[in-house]
Amino acid sequence: MKIFETINQTKNHLKEIRGKGKSIGFVPTMGALHEGHLSLIRAATKENDIVVCSIFVNPIQFNNKNDLEKYPHEFESDINKLQKEKCDLVFHPSVEEMYPEPVTEVFDFGGLDKVMEGKFRPGHFNGVVTVVKRLFEIVEPERAYFGLKDYQQLVIIHKITKDNNLSVEIVPCSTIREDDGLAMSSRNKLLSEVERKQASEIYDILKTVKVQSGYTPISELKQSVKKFFNKNKFFKFEYFEIVDMYSLKPLRNWAESKNAAACIAVYIGNVRLIDNIILL
């Protein structure tokens, strides 16, 4: 497995690979790899000749400085995991390598960024798409793999890939969960033992919503979820929305869409967790 820290090294090596007619699958990450990330690597391995993984904690997608400072860095452990999965190349650039000049890109997401994560984390998706677009231009993969856990991000990356005529197929992959249902996340490591036990309630609530979807009024479900988390001292509720899967428009009633998803964000202590579930 090769590890490159510069754009030129990476581009030159992959140009050789491409010249041999080999396909490239790409998994962009911020490190602190868990089974969810590794499932993306495995999916890429099945469908491509060469698998590239980037490890880069992207500062411009954090609108909370403390969140950036707390984000776990486990490079040696990450490299060991990727070697076991037979990843071919790791791109691990510095901030200066990725952003030698001040970032000026501004993207139009057609309103997809005005709800949920975008509403509570202004500028977040512009930062995400800036780095993803740059990584795509460096790696030039045939396919790129993203987890469904970050559902809004996935929808936005689909749009920006299409809008910019980027010749990469975006491959969505299932959310990988712990035995108790908690969606795997690098942030889970920041939870205390007690908080970790409580965190399983997030997916339990989403499953309850799914059972009631299609007939219980949406306003009633939203109020019920909010009430549940506000009553639990371990949680700080941020949002819960039932949205159209493609437009991300919040739904007022079930007749508005045949493709609905429920998305949630809560804090447990100082750790912010998100999750979602497909309803219809």
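Residues numbered from 1 in each chain as written. Predicted model: local features only at pLDDT ≥ 70, side-chain atom pairs only at ≥ 80, totals over all residues. Heavy atoms only, no water.

Asker: Sorry, what's going on with the overall build of the protein here?
Answerer: Looking only at helices and strands, the protein has 11 helices and nine strands in total. In terms of overall dimensions, the protein is globule-like: its C-alpha atoms have a radius of gyration of 19 Å, near the 19 Å expected for 280 residues. Considered along the principal axes of its C-alpha atoms, the protein spans approximately 55 × 40 × 40 Å. Looking at the protein as a whole, 53% of its 280 residues are labelled buried. Look at the contacts in the protein between residues 6 or more apart in sequence, and 73% of them connect residues 24 or more apart. When the accessible surface of the protein is summed, it comes to about 13800 Å², and 49% of that surface belongs to carbon and sulfur atoms. (Helix = DSSP H or I, 4+ residues; strand = E, 2+ residues; numbered from the N terminus. Rg over C-alpha atoms; globule rule 2.2 N^0.38 Å. Buried < 20%, exposed > 50% of the residue type's maximum accessible area, 1.4 Å probe, protein only. Contact = heavy atoms within 4.5 Å. Areas by Shrake-Rupley, 256 points an atom, 1.4 Å probe, with all protein chains shown as cover.)

Asker: Please explain the sheet that holds strand β9 (residues 271-278) as it appears in this structure.
Answerer: The strands making up a sheet associate through hydrogen bonds between their backbones, and the pairing can be parallel or antiparallel. Spatially, three strands are ordered β7-β8-β9 in an open sheet, and the strand pairing comes out antiparallel. The sheet terminates laterally at β7 (235-244) and β9, the two strands that pair on one side only. The average undirected angle you get between the axes of adjacent strands in this sheet is 15°. Pairing of strand β8 (residues 260-268) with β9 involves eight bridges; the strand directions are antiparallel. Note that in β9 the partner of Ala262 across the bridge is Ile277. Of the strands in this sheet, β7, β8 and β9 touch helix α10 (residues 201-212), which is tilted by about 25° from β9. (Pairing = 2+ DSSP bridges. Axes fitted to C-alpha atoms, helices over the stretch in contact; angles between N-to-C directions.)

Asker: Quick question: what am I supposed to make of the nonpolar core here?
Answerer: In a soluble, globular protein the nonpolar side chains are often hidden away together inside. Within the largest apolar cluster, 27 residues are counted, with the highest numbers of intra-cluster contacts made by Val209, Phe229, Phe240 and Ile242. Among the secondary structure elements, those contributing two or more residues to this core are α10, α11 (218-231), β7, β8 and β9. In this structure, Leu14, Val52, Met98 and Leu135 belong to the second largest nonpolar core, which totals 25 residues. (Core = buried A, V, L, I, M, F, W, Y, C linked by side-chain atoms within 4.5 Å.)

Asker: Any chance you could explain the packing of aromatic side chains here in plain terms?
Answerer: Each aromatic ring pair is described using two quantities: the centre-to-centre distance and the angle formed by the ring planes. All told, the structure shown has eight aromatic pairs when counted by the stated rule. With centroids separated by 6.1 Å and ring planes inclined at 55°, the aromatic side chains of Phe56 and Tyr99 adopt a geometry described as tilted. Placement of Phe56 in the loop between β3 (50-55) and α3 (65-70) and of Tyr99 in the loop between α5 (95-98) and α6 (117-120) is noted, with a sequence separation of 43 residues between them. When its relative accessible area of 5% is taken as the criterion, Phe56 is described as buried. Arranged with centres 5.6 Å apart and planes meeting at 25°, the rings of Phe120 and Tyr239 form a pair that is stacked. (Phe/Tyr/Trp six-rings, centres within 6.5 Å; stacked < 30°, edge-to-face > 60°.)

Asker: For this particular structure, what's the right way to read the packing of helix α1 (residues 7-19) against helix α7 (residues 124-139)?
Answerer: Packed helix pairs are specified by the crossing angle of their axes together with the interaxial distance, meaning the distance between the axes. Orientation of α1 relative to α7, taken along the N-to-C sense of each, is 50°, at an axis distance of 8 Å. Relative to α7, the element α1 is oriented oblique. Where α1 approaches α7, its residues Ile7, Thr10, Lys11, Leu14 and Arg18 are matched on the opposing element by Glu137, Ile138 and Val139. (Parallel < 35°, antiparallel > 145°, perpendicular 65-115°, else oblique.)

Asker: Please explain the side chain of Gln153 as it appears in this structure.
Answerer: Mapped onto the secondary structure, Gln153 falls in helix α8 (residues 151-163). The residues touching Gln153, leaving out its near neighbours within four places in the chain, are Phe125, Val128 and Phe146.

Asker: It is not clear to me how the sheet that holds strand β2 (residues 24-29) should be interpreted in this structure. Could you clarify?
Answerer: Read across the open sheet, the six strands follow the order β1-β4-β3-β2-β5-β6; overall the sheet is parallel. Both outer strands of the open sheet, β1 (2-4) and β6 (169-173), are each paired with one neighbouring strand and no more. Between one strand axis and the next, the sheet turns through 25° on average, direction left out of account. Where β3 and strand β4 (residues 89-91) come together, three bridges link them in parallel fashion. Its bridge partner being in β4, Cys53 is matched across the sheet by Val90. The strands that helix α4 (residues 75-84) touches are β1, β3 and β4; relative to β3, the one it contacts most, it runs at about 170°. Each of β2, β3, β4, β5 (143-147) and β6 touches α7; the most contacted strand, β2, lies at about 150° to it.

Asker: I keep staring at the side chain of Glu117 and nothing clicks. Help me out?
Answerer: Locating Glu117 in the fold gives a position in helix α6. When its relative accessible area of 5% is taken as the criterion, Glu117 is described as buried. In contact with Glu117, not counting residues within four places along its chain, are Phe125, Gln152, Tyr239, Ala265, Arg272 and Ile274.

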